[in-house]
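Read off the chains here:
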Amino acid sequence: MTSIAQKLSDIIGGVFEAQGLPAELGLVRVSDRPDLAQFQCNGAMAAAKQAKKNPREIAQIIVEALSSNDIFSKIEIAGPGFINLNVTDTFLEGYLESSENFGVDATDEQRKVILDYGGPNIAKAMHAGHLRPAIIGDALRRIMAFKGFEVLGDIHLGDWGTHMGMLIGDYIREGEEGLVLNANAQDPETVQKLMDDFSVRYPKASIAAKADEALMTEARAITVKLQDKEAPYYPIWEKIREVSIEGMKQTYGQLGVHFDLWKGEADVHDYIAPMVDDLKAKELAYMSNGACVVDVVTEEDNKEIPPLIIYKSDGAVLYGTTDMATIVERMKLYEPSRIIYIVDQRQSLHFEQVFRAVKKAGITNDNTELTFAGFGTMNGTDGKPFKTRDGGVLRLEDLIAMAKEKADKRLSEVNLADDIKEDEYNDIALKVAIAAIKFADLQNQRQSNYIFDLDRLTSFEGKTGPYLLYQTVRIKSLLRKAKDQGINFEEKEITIQEQDRALALLLGEFSDALNLSIQHYAPHHLCEYIYKLAQAFSSFYANCHILSEEDTAIQASRLKLCQKTALQLETALGLLGIFVPERM
Ligand code: ARG
């Protein structure tokens with residue numbers, strides 16, 4: 001099963017092929033002029049160019065070949081050779097009755113896909129900047145899994161650098177390492193206390209080390225000992241990592257963001273030395289100005305691509321080195337067909353260098369796809385990167401709390417059912433807050449910056465998460481009412497009337513939106529679809545009788561359309577990591 005447009009593309013592609021023309025030219029799209037036709041195919045123009053013929057002539061041949069096909073209620077040539085198409089209601093009804101999985105067909109790509117998102121550093125408080133990778137990465141994970149990919153989401157923690165040496169050094173100097181070593185990482189209160197401690201201690205240690213060369217040297221020395229797994233450095237580090245992960249799990253848990261792998265830079269430490277040996281043996285890595293580097297520039301480059309630094313004279317490995325070694329490990333353990341990085345756009349050069357070095361070294365296979373899916377900045381209403389009122393970094397948990405407070409206020413403005421108890425209410429408020437945050441982010445093109453405006457994004461009107469939840473809940477409550485009234489519609493057939501057609505056609509577009517989101521690693525296509533579907537439902541609801549419809553066949557058919565709409569909305573929102581409450 002596929003989308004309606006895809007089904008039509010297959011049919012018309014076949015007709016092009018029978019005429020000795022490329023099947024791809026038979027591509028059918030949903031018409032951008034719904035007043036003229038439901039679908040359009042523009043292939044005759046390109047075909048005419050190739051065959052050096054008149055496009056209308058080619059369109060005529062295609063149209064004639066299609067005329068015996070009974071799924072079209074209209075086939076017309078317009079302008080220079082556009083083919084405009086409508087399908088019959090019978091076809092549409094058959095499609096809706098028989099489509100499984102909302103018309104999404106499974107991918108035939110069987111191998112694993114790794115998504116690298118999140119990337120927080122341990123022992124640091126998570127902040128607003130960690131929101132975008134988590135939301136986008138988790139949505140892509142869900143979307144690709146729905147399409148049948150075997151997806152692994154990896155958090156790729158920053159857990160192995162000099163920042164660890166600074167923090168551990170501070171604990172030892174203050175004689176307070178016991179605070180960490182004896183901590184119970186399973187106790188939420190201890191975790192909270194230590195996370196607060198890290199967030200004061202780390203910046204203090206970092207400022208001190210930057211101001212005092214001796215402290216910096218000490219931090220580096222500790223980092224080396226840590227990386228050699230020496231006590232007490234390594235056990236302190238292990239506990240810091242464990243506590244940090246517990247802290248992160250709380251925050252990601254609130255956001256509903258999931259990771260399959262909780263690996264980090266430290267995990268690939270042992271891959272580095274053999275990898276560097278191999279790079280040297282292949283004469284790809286060489287010493288330059290005291291650093292070991294790999295050239296990654298090519299003749300086609302028209303901008304400067306500096307070499308990737310593998311290690312510096314003090315022996316410290318760099319960010320690029322761990323990213324390369326991570327690919328070594330991923331190829332060895334998982335053999336993914338694709339690795340996709342959902343990371344701040346500003347790191348694009350870094351990944352370009354890493355990908356080139358990795359390919360030169362033959363670490364991946366010829367057909368392994370390495371993709372940098374960068375994202376833009378989340379700005380405040382002043383258009384500048386999002387900050388607290390006093391200009392500080394906003395903690396992620398505070399941001400969630402702010403959104404929840406706003407959601408609370410919004411909910412007090414709508415009429416909730418009277419019998420909602422506190423637990424259910426809190427669950428609804430969190431779902432509304434998360435829907436607001438996520439939809440505000442995901443509806444933008446991944447690469448663009450966007451403005452995080454709590455007032456706007458929590459509104460129950462407009463292109464917002466709460467609006468979509470509200471619409472979905474409304475349809476679900478309508479369906480409940482129908483059941484309560486004993487209306488039995490599920491066994492009945494869909495029979496499409498004039499007022500139902502736009503909604504019915506849109507239900508057949510789900511798979512196109514999903515495929516586009518995967519093709520470009522861009523959930524906004526799915527957002528666009530969800531919003532269109534919610535709006536189409538609104539017009540449908542306003543323009544026709546449902547529960548009050550007297551013709552029972554039409555009533556049942558409309559209820560079935562409502563049910564399909566609710567299911568599609570709920571499923572699609574779920575793929576964005578947005579969950580619909582039972583009622584609100
Ligand atoms: N920890 C990094 C940072 O704070 C982000 C990690 C992104 N992922 C990666 N594989 N490099 O900037």
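All figures in this text were calculated on a predicted structure; none of them were measured in a lab.

### Focus on the packing of helix H6 (residues 162-173) against helix H10 (residues 233-255)
Part 1 of the argument: Following both chains from N to C, one finds H6 and H10 inclined at 110°, their axes separated by 10 Å at the closest point. The orientation of H6 relative to H10 falls into the category roughly perpendicular. Judged by residue contacts, Met164, Leu167, Ile168 and Ile172 of H6 engage Tyr233, Ile236, Trp237 and Ile240 from H10.

### As for empty space enclosed by the protein
Part 1 of the argument: According to the stated counting rule, one finds three cavities of 30 Å³ or more in the structure shown.
Part 2 of the argument: Within this model, the largest cavity holds a volume of roughly 50 Å³.
Part 3 of the argument: By residue number, the principal contributor to the lining of the largest cavity is H6, which donates four residues.
Part 4 of the argument: Its residues assigned to classes, the lining of the largest cavity comprises six nonpolar, two polar and two charged.

### Observations concerning the domain arrangement of the protein chain
Part 1 of the argument: The domain architecture assigned to the protein chain consists of domain 1 (4-87), domain 2 (162-255), domain 3 (264-375) and domain 4 (409-575).
Part 2 of the argument: Using only C-alpha atoms to locate each centre, domain 2 and domain 3 end up separated by 27 Å.
Part 3 of the argument: Summing the contributions of domain 2 and of domain 3, the shared interface buries around 390 Å²; its carbon and sulfur component is 47%.
Part 4 of the argument: At the boundary of domain 2 with domain 3, the tally comes to one salt bridge.
Part 5 of the argument: Between Asp267 and Arg241 there is a salt bridge, with the nearest N and O atoms lying 3.4 Å from each other.
Part 6 of the argument: For the pair domain 2 and domain 3, the interface holds two residue pairs in polar contact (both at pLDDT 80 or more).
Part 7 of the argument: For the side of domain 2 that touches domain 3, a count of residues per class yields one nonpolar, one polar and three charged.

### Points about the sheet that holds strand S4 (residues 82-87)
Part 1 of the argument: Pairing in this open sheet of four strands is antiparallel, and the strands run S1-S2-S4-S3 from one edge to the other. The strands lining the two open edges of the sheet, one partner per strand, are strand S1 (28-30) and strand S3 (72-78). In this sheet, neighbouring strand axes are inclined to one another by 25° on average, regardless of whether the strands run parallel or antiparallel.
Part 2 of the argument: Where S1 lies against strand S2 (residues 39-41), three bridges are found, and the strand directions are antiparallel. Looking at S2, one finds that Val30 is bridged to Phe39.

### A word on the site of the ligand
Part 1 of the argument: Lining the immediate surroundings of the ligand are Asp116, Gly119, Asn121, His156, Tyr319, Asp323, Tyr341, Val343, Gln347 and Phe351.
Part 2 of the argument: In this structure, Asp116 approaches the ligand through a side-chain N or O atom, which is 3.0 Å from a nitrogen atom.
Part 3 of the argument: Calculation on the ligand without its partners gives an accessible area of 350 Å², and the protein chains cover 81% of this total.
Part 4 of the argument: Residue composition of the shell around the ligand, grouped by class: four nonpolar, four polar and two charged.

About the thresholds
Residues numbered from 1 in each chain as written. Predicted model: local features only at pLDDT ≥ 70, side-chain atom pairs only at ≥ 80, totals over all residues. Heavy atoms only, no water. Axes fitted to C-alpha atoms, helices over the stretch in contact; angles between N-to-C directions. Helix = DSSP H or I, 4+ residues; strand = E, 2+ residues; numbered from the N terminus. Parallel < 35°, antiparallel > 145°, perpendicular 65-115°, else oblique. Contact = heavy atoms within 4.5 Å. 1 Å grid on protein atoms, 1.4 Å probe; cavity = no way out; pocket = protein on both sides within 12 Å on 5 of 7 lines; lining within 4 Å. Points joined across faces, edges and corners; volume = space filled by probe spheres on them. Nonpolar A, V, L, I, M, F, W, Y, C, P; charged D, E, K, R; others polar. Domains from an automatic or database assignment. Buried area = accessible area lost by both parts, 1.4 Å probe. Salt bridge = Lys/Arg side-chain N within 4 Å of Asp/Glu carboxyl O. Polar contact = N/O pair within 3.5 Å; in protein donor to acceptor, adjacent residues only side chain to side chain. Pairing = 2+ DSSP bridges. Near = heavy atom within 4 Å. Areas by Shrake-Rupley, 256 points an atom, 1.4 Å probe, with all protein chains shown as cover.

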